[in-house]
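Working through the structure, step by step
Below are the chains, spelled out letter by letter.
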Amino acid sequence: MSTLTYAVSDSLTMLRRNLKHAQRYPSMTISTVIMPVMMLLLFNYAFGGAIGAGISGGGGGAYIDYVAPGIILMAATAGAVATAVGVCVDMTEGIVNRFRTMSISRAAFLTGHVVGSVIQTLIAVALVIGVALAIGFRPDASPVEWLAAIGLLTLLILALTWLAAGMGLVARTPESASNAPLPLTFLPFLGSAIVPTDSMPTGLRWFAEYQPFTPVIETLRGLLMGTEIGSSGYLALAWCLGLSLVGYLWARSAFGRTAKR
């Protein structure tokens, strides 16, 4: 067997391990779903009438069509916490040192965590989409647009998962690892997830328009609801690819440094 074949086989073994962990200890996966669902219900039913009335083409009933893509993106960011905690727990409990004494590909540990987290987060996103549809979300996307939206979400989840893996590697405790990705999960609030950036004060509007999540939200909203995408599509892809590269290099470097301790 070639080196690549061994690496793939070891990565699949680590993937099965992480999926079994998620099955036996589902609390982190459940929390990944509960938070976005609670946000969706809160903004639709508690704030939808007031906020929706100020959005062009809105009204309380139409606000679900505006806010749902933003909440779906929040569900995509929520898995970062579980990734950081899972990586940190493995690092601090010594299992990684045991892996290093075995004939296992060095890339398998991180690959298994990342791919496993991407799968779990995509399941959480699917559940959030199901709840959104149940409470009135009515996208008019074609099958091709749905595939493009899913592809964009997958790329974003991959980028955030690599970043979260790096955070888990450098964290000293699982508690600190759980706090590190929180800015990623709340940054969409400072974008166009809840309200259009045009309604924000000048300084905040500038930040909202140029932060990573706004073009992703606008692209996702355009794909699902048929709104104008413009240059947001290119910016969204650039941000996702750039964050993926940064996260991968950071995680690989941090994992290499832990091997020298």
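Please refer to the structure placed before this passage.
Anyway, here's the lowdown on the structure attached to this text. None of the values given here were measured: they were computed from a predicted structure. (Residues numbered from 1 in each chain as written. Predicted model: local features only at pLDDT ≥ 70, side-chain atom pairs only at ≥ 80, totals over all residues. Heavy atoms only, no water.)

Observations concerning the overall build of the protein
Here is the rule we go by: The helix count covers DSSP runs of H or I at least four residues long, the strand count covers runs of E at least two residues long, and both are numbered beginning at the N terminus. The reference for a compact globule is 2.2 Å times residues^0.38; the radius of gyration itself is calculated from the C-alpha atoms. For every residue, the accessible area obtained with a 1.4 Å probe (protein chains only) is divided by the maximum for its type, and the residue is called buried under 20%, exposed over 50%, and partly exposed between those limits. Working rule for contacts: check all heavy atoms of both residues, and any pair within 4.5 Å makes them a contact. Here, Shrake-Rupley sampling with a 1.4 Å probe gives the accessible areas, and only protein chains in the shown set may cover a residue. In this tally, Asp and Glu contribute negative charge and Lys and Arg positive charge; neither His nor the terminal groups of the chain are included. Taken as the charge centre is NZ of Lys, CZ of Arg, CG of Asp or CD of Glu, depending on the residue.
The helix and strand tally for the protein stands at twelve helices and zero strands. Starting at the N terminus and walking to the C terminus, you meet the elements of the protein as α-α-α-α-α-α-α-α-α-α-α-α. Scaling as 2.2 N^0.38, a compact globule of 261 residues should have a C-alpha radius of gyration of about 18 Å, and the protein matches this with 19 Å. When the backbone C-alpha atoms are referred to their principal axes, the protein occupies close to 60 × 35 × 35 Å. Among the 261 residues that make up the protein, the fraction classed as buried is 46%. For the protein, long-range pairs separated by at least 24 residues make up 81% of all intrachain contacts whose partners lie at least 6 apart in sequence. Looking at the protein as shown, the accessible area adds up to about 12,700 Å², and 67% of this sits on carbon and sulfur atoms. The distance from the centre of the 15 positive side-chain charges to the centre of the 11 negative ones in the protein is 19 Å.

With respect to the layout of surface pockets
Rules: Only protein atoms enter the 1 Å grid, on which a cavity is a set of points fitting a 1.4 Å probe that cannot get out and a pocket is an open set with protein on both sides within 12 Å along at least 5 of 7 lines, lining residues being those with an atom within 4 Å of a point. Grid points are joined across faces, edges and corners, and a volume is the space filled by probe spheres set on the points.
Quantified by volume, the largest pocket comes out at close to 480 Å³. Every residue lining the largest pocket is counted, 21 residues in all, and those nearest its centre are His21, Ala22, Met28, Ala82 and Gly86. Looking at the lining of the largest pocket, the elements that each hand over two or more residues are α1 (3-24), α2 (27-46), α4 (63-92) and α6 (106-134). Top contributing element to the lining of the largest pocket by residue count: α4, with seven residues. Counted as a void, the second largest pocket has a volume near 270 Å³. Only α2, α4 and α9 (182-186) provide two or more residues apiece to the lining of the second largest pocket.

A closer look at the packing of helix α7 (residues 143-170) against helix α11 (residues 213-225)
This is how it is decided: For helices, the axis comes from a line fit to the C-alpha atoms of the stretch in contact; other axes are also lines fit to C-alpha atoms, and the angle between any two N-to-C directions lies between 0 and 180 degrees. The cut-offs work like this: below 35 degrees is roughly parallel, past 145 is roughly antiparallel, 65 to 115 is roughly perpendicular, and the gaps in between are oblique. Should the near helix be turned anticlockwise from the far one by less than a right angle, the crossing is left-handed, and should it be turned clockwise, the crossing is right-handed.
At a minimum axis separation of 8 Å, α7 and α11 run at an interaxial angle of 160°. Here α7 is positioned roughly antiparallel relative to α11, judged by the angle of their axes. The two elements α7 and α11 cross, and the hand of that crossing is left-handed. Contacts from Glu145, Trp146, Ala148, Ala149, Leu152, Leu153, Leu156 and Leu160 of α7 reach α11 at Phe213, Val216, Thr219, Leu220, Leu223 and Leu224.

With respect to empty space enclosed by the protein
The gaps of empty space that remain are located by a probe, the size of a water molecule, rolled over the atoms. Note the threshold: Classification used: nonpolar for Ala, Val, Leu, Ile, Met, Phe, Trp, Tyr, Cys and Pro, charged for Asp, Glu, Lys and Arg, polar for all others including Gly.
By the definition in use, this model includes one cavity of 30 Å³ or more. The computed volume of the largest cavity comes to approximately 30 Å³. For the largest cavity, the full set of lining residues is Ala76, Thr77, Gly79, Ala80, Thr121, Ile157, Leu160 and Thr161. Going through the elements one at a time, α4 and α7 are the ones with two or more residues in the lining of the largest cavity. Ranked by residues supplied to the lining of the largest cavity, first place goes to α4 with four residues. Of the residues that constitute the lining of the largest cavity, the class distribution is four nonpolar, four polar and no charged.

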